[in-house]
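Inside the fold
So you can see what is in the structure, the chains are spelled out below.
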Amino acid sequence: MTASATSMSSRRRDAVRSAEPTQIHRRRKRRSPLRAVLYLFQAAAVAVFVIPIYWLFSSAVKPDSDIYTYPLQWIPTSLHLENFLEAWRVAPFGRFFMNSIITTGVGTALEITLALLSAYAFAMVRFRWKTPVLLLIIGSMMLPGHVTLLVNYITIGNLGWLNTYQGLILPSIGSAFAMFLIYQQMRMLPKDVIDAARIDGAGHVRRLVSVVLPMSRAMIVTATLITMTSKWNDFIWPLISTSTTEMRTLPIGLLFLQDQEGGGDWGAVMAGAVTVVAPMLILFFIAQKRIVGGLAGAVKG
Amino acid sequence: MSTVDLSSPPKVRRSGQWREPLLFVLLVLPNVAVIVIFAYYPAIYNFILSFSNWDFLTPRPEWVGLRNYINVFNSQQFYGVLWNTIIFVGVALVATLVGGLAIGTLLSQRLRFSGFTRTMAFAPHMLPGAAVGILWLFMFDPRYGLSRWLFSLVGLDSPQWTTTSDWSIWAITIAYAWQRLGFVAIIYYSAIQELPTEVLEAAKMDGATGLRLARSVALPLLSPVTFFLIITGIVSSAQAFDIIATLTNGGPGTSSSTLTWMVYREAFIDFDVGRSATTATVLFLLLAGVTLIQARTTGKKVHYS
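Just so it is clear, the model here is predicted, and its values are computed rather than measured.

What follows deals with the overall build of chain B. The number of helices and strands found in chain B is 14 helices and two strands. Scaling as 2.2 N^0.38, a compact globule of 305 residues should have a C-alpha radius of gyration of about 19 Å, whereas chain B reaches 25 Å, well beyond that. Out of the 305 residues belonging to chain B, those deemed buried represent 39%. Taking as baseline every contact in chain B between residues at least 6 positions apart, the subset at least 24 positions apart corresponds to 68%.

In structure tokens, the structure reads:
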């Protein structure tokens, strides 16, 4: 704990110290031709990321006459929202949406609950063999999904849970990454505050609920967002653990739509893709600092 | 730690001795149970199944010893798929590392709009691979896709990206690299932000500038991050599935099938459980081997500041 605390404060000092010289550099460099070249590179980088995403959104609202034409029609001549009606008519997107919300919502709630309990135990409860248990949990991240796929399918099948929500949700609620993020945060909480609560007679439940949870809220939110994203985007498990159209989630629904259209109606397929993508993009634009910070921070951890 | 215990009467202290470990076990048990049941047990049982022949239907697997392994290593197809995997993983890795470092450096130049660039760079990483695959399927469309326009700029016809065996592997590689590029760039960007300024200033004081500063000072300091990105890049691209499923279905033939795709296909399309378990085991061992070699060789060169 002490090591990371000092490195954090020294980082902050660096930021303060470096502020002045960079200001000078900035003023001097601003008009140089190098700067112009850098801006050109930046424009190219933006184009690489933005053009495909623009292509997705613009095609979703283009009438067929704008899509099946060459030279390309970059800007839709009219707003053709019927693509969405077509997508939702061909594939039951309402149902897919509901399934995605249920599996993501319930799955995330369960995983984060397990993560919180474990993280609290590792950070705050005395136990002699903590390290091996921690290694057992963290080590599961080393197991790639493809070695567990087949047997999980057999297990869920034997339980009669194929095409059920519990079958979709349960295999992935074990928490290693989110648990580790939250544990790292809880470990850094000031010991005196928690000791004070204990001396005041607060038991573990009280300490968890009214001291530790509120103090680690930031990291819990980050872990929740990252967990939600990966569950929403999950593809291979819902693909194999469900076979009925009613139990498919949005990413599989997109594949279903594409099959139905057979590449025949790009407008509708892109509208379906926008339906799948939009919730994640909105979430990202709202909470990008937390998500990016959490993922980048985990690299250093 | 023990001061509180001293204030309690001896009787309570003795019961408290097992109360904490019990509480620990109760708190950790649900998580550990799920992980054991749905990660460790399946990984081990998958290994056992690789010595069997089974189609999901007959009551129990038939044990065949090493036959699956012999079949795998004697099949021409396996080596083709292995080569595809190496191309896919290798090209995506190099492209995202080089491109990501360049963009990450660019982002730390305090240009205007760099906040916007960061946001747009990271956005693809948030999207479901299925949607990314479908989007690129349209972009690759040789008649109405962006690809036709791009190739027409240099006077060429667009290749038939997803329907010919010469191009399909490049289609999935490009789409995958596009999705990961911004993530790598942002990781490099945040690592560059945290480079120790003392060291950089000292090097500048000694007369190091531009490329020399980047190559001899900044790059070595970034090596832990590069190491992390190589390992996670290999592991996650070797497991890429949704982009392949939506773009090419591993085809035509097996021209864009990677080992992970074969694990899926052998089990859930060909119903050859033993073969799928064998391919999964081989892929797992390959990944473990690459990670170990990486840790050995790069580990020595990594500079932790």
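Broken down by element type, chain A carries 15 helices and zero strands. Sorting the 301 residues of chain A into buried and exposed places 38% on the buried side. For chain A, restricting intrachain contacts to residue pairs at least 6 apart in sequence, the fraction spanning at least 24 positions comes to 76%.

Turning our attention to the domain arrangement of chain A. Residues and elements named next belong to chain A. When the domains of chain A are assigned, the result is domain 1 (20–81) and domain 2 (86–300). The interface of domain 1 with domain 2 comprises eight residues on the first partner and six residues on the second. Looking at the side of domain 1 that touches domain 2, the elements with two or more residues in it are helix H2 (33–60) and helix H3 (64–67). Sort the elements by how many residues they give to the side of domain 1 that touches domain 2 and H2 lands first, with four residues. For the side of domain 1 that touches domain 2, the residue count by class is four nonpolar, two polar and two charged.

Splitting chain B by domain gives domain 1 (3–49) and domain 2 (74–301). Put simply, the middle of domain 1 of chain B and the middle of domain 2 of chain B, counted by C-alpha atoms, are 39 Å apart.

This part is about the interface of chain A and chain B. Tallying the contact residues gives 75 residues for chain A and 75 residues for chain B. Per-class residue counts for the side of chain A that touches chain B are 53 nonpolar, 16 polar and six charged.

Low pLDDT marks stretches whose predicted atomic positions should not be read closely. Residue and element names in this part refer to chain B. Looking at chain B, pLDDT values average 89 and 92% of them are 70 or higher. Throughout residues 1–13 the model reports pLDDT below 50, and contacts reaching past four residues in sequence, or to other chains, amount to five contacts. Across the whole predicted complex the pTM is 0.88, and at the interface the ipTM reaches 0.88.

Now for the nonpolar core. Core analysis: the biggest nonpolar cluster contains 108 residues, and A:Ala273, B:Ala131 and B:Ala175 have the highest contact counts within it. The element best represented in this core is helix H8 (residues 168–193) of chain B, accounting for 17 residues.

What follows is about the packing of H8(B) against helix H11 (residues 223–238) of chain B. All names here are of chain B. Running from amino to carboxyl end, H8 crosses H11 at an angle of 160 degrees, the nearest separation of the two axes being 11 Å. In terms of axis orientation, H8 runs roughly antiparallel to H11. H8 and H11 meet at a crossing whose hand is right-handed. In this structure, H8 contributes Tyr176, Val184, Ile187, Tyr188 and Ala191 to the contact, and H11 contributes Val225, Leu229 and Ser237.

Moving on, we come to the environment of B:Ala95. Mapped onto the secondary structure, B:Ala95 falls in helix H4 (residues 76–107). Linking B:Ala95 and B:Thr173, residues 78 residues apart in sequence, is a C-alpha distance of 9.8 Å.

With nine of eleven residues buried, helix H9 (residues 177–187) of chain A lies mostly within the body of the structure. Among the residues of H9(A), A:Phe177, A:Ala178, A:Met179, A:Phe180, A:Leu181, A:Ile182, A:Tyr183, A:Gln185 and A:Met186 are the ones counted as buried.

Time to look at the confidence of the model for chain A. Averaged over all residues, the pLDDT of chain A is 87; the fraction at 70 or higher stands at 88%. By mean pLDDT, helix H1 (residues 2–29) of chain A is the weakest element of chain A at 43, and helix H8 (residues 165–169) of chain A is the strongest at 97.

What counts and what doesn't
- Along each chain, residues carry numbers from 1 onward, in the same order as the chain's sequence is written.
- Numbering of ligands from 1 and lettering of chains from A proceed in the order in which they are written.
- Confidence filtering applies because this is a predicted model: local features only for residues at pLDDT of at least 70, side-chain atom pairs given and counted only at 80 or more, and all residues used for totals across whole chains, interfaces and linings.
- We count a stretch as a helix when DSSP gives it H or I for four or more residues in a row; a strand needs E for two or more, and each element gets its number in order from the N terminus.
- As a reference, a globule follows 2.2 Å times the number of residues to the power 0.38, and the radius of gyration itself is taken over C-alpha atoms.
- Think of it as a crowd count around each C-beta: if 20 or more other C-beta atoms lie within 10 Å the residue is buried, if 12 or fewer it is exposed, and in between it is partly exposed, with C-beta placed from the backbone throughout.
- Residues are treated as contacting if the C-beta atoms built from their backbones sit within 7 Å of each other.
- What marks off one domain from the next here is an automatic or database domain assignment.
- All amino acids are sorted into three groups, where Ala, Val, Leu, Ile, Met, Phe, Trp, Tyr, Cys and Pro are nonpolar, Asp, Glu, Lys and Arg are charged, and the leftover types, Gly among them, are polar.
- Here pLDDT means the predictor's own confidence in every residue, given as a number from 0 to 100.
- Buried Ala, Val, Leu, Ile, Met, Phe, Trp, Tyr and Cys residues whose C-beta atoms connect them within 7 Å together make up a nonpolar core.
- Fitted lines through C-alpha atoms serve as axes, helices being fitted only where they are in contact, and the angles separating the N-to-C directions of these axes extend from 0 to 180 degrees.
- Geometric relationships in this document are graded by angle, where less than 35 degrees denotes roughly parallel, more than 145 denotes roughly antiparallel, 65 to 115 denotes roughly perpendicular, and other angles denote oblique.
- Note: crossing handedness is left-handed where the near helix turns anticlockwise from the far helix by less than a right angle, and right-handed where it turns clockwise.

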